[in-house]
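This is what each chain is made of:
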Amino acid sequence: KSPNFAGPLRPNGVVINQTMQLQGMINLKTTLDQTPPLVTLGISAPSNSETSLEVVLTMDEAGILHCLPLLAGTATPHLNRVLAYNLSLECSDPIGCSGITL
């Protein structure tokens, strides 16, 4: 119970019939996607460059890929550091994206 909670002075003044009518108009809504997206990530080093990587991403739903290149053995960075690097790709196609190269 919140320390700021104050009980009502009188019962809720909502009419039950109006509440039931509103519930019927709204019906059941599901907003939580309980299945994780299917993501395939491919990383390769192009033969014509010694300073770049090619990242190919395939997703079955919309999403954003954020990247932060790190040396092997580096501790996992905080999310804010990854976002601040500002290297990302957005896939806004609701059907899914395939073959995006970064």
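Look up: the structure comes first, before these words.
Everything numeric here is computed off the predicted structure, so don't read it as measured data. (Residues numbered from 1 in each chain as written. Predicted model: local features only at pLDDT ≥ 70, side-chain atom pairs only at ≥ 80, totals over all residues. Heavy atoms only, no water.)

Peer 1: Can you tell me about the overall build of the protein, naming the residues and giving the values?
Peer 2: Helix and strand counts for the protein come out as two helices and five strands. Traced from its N-terminal end to its C-terminal end, the protein shows the element sequence α-β-β-β-α-β-β. Dimensions of the protein along its principal axes, counting C-alpha atoms only, are 75 × 35 × 20 Å. By residue count, 12% of the 102 residues in the protein fall in the buried class. Counted over contacts in the protein with a minimum sequence separation of 6, partners at least 24 positions apart contribute 45%. Of the roughly 9,000 Å² of accessible surface on the protein, 57% is carried by carbon and sulfur atoms. Put simply, the protein has 4 plus and 7 minus side-chain charges, and the middle of one group is 32 Å from the middle of the other. (Helix = DSSP H or I, 4+ residues; strand = E, 2+ residues; numbered from the N terminus. Buried < 20%, exposed > 50% of the residue type's maximum accessible area, 1.4 Å probe, protein only. Contact = heavy atoms within 4.5 Å. Areas by Shrake-Rupley, 256 points an atom, 1.4 Å probe, with all protein chains shown as cover. Lys, Arg positive; Asp, Glu negative; His and termini not counted. Charge placed at Lys NZ, Arg CZ, Asp CG, Glu CD.)

Peer 1: Kindly report on the environment of L70, identifying the contributing residues and their values.
Peer 2: Tracing the backbone through its elements, the reader meets L70 in the loop between β3 (63-66) and α2 (79-85). Looking at L70, the relative accessible area reads 36%, which means it is partly exposed. Excluding anything up to four places from it in sequence, L70 contacts A75, P77 and R81.

Peer 1: Account for helix α1 (residues 16-26), with residues named and values stated.
Peer 2: Because each turn of an α-helix spans 3.6 residues, side chains separated by three or four positions in sequence point in the same direction. Across the eleven residues that make up α1, only a small minority, zero, are buried. One or two steps after α1, the chain reaches N27, where phi turns positive at roughly 65°.

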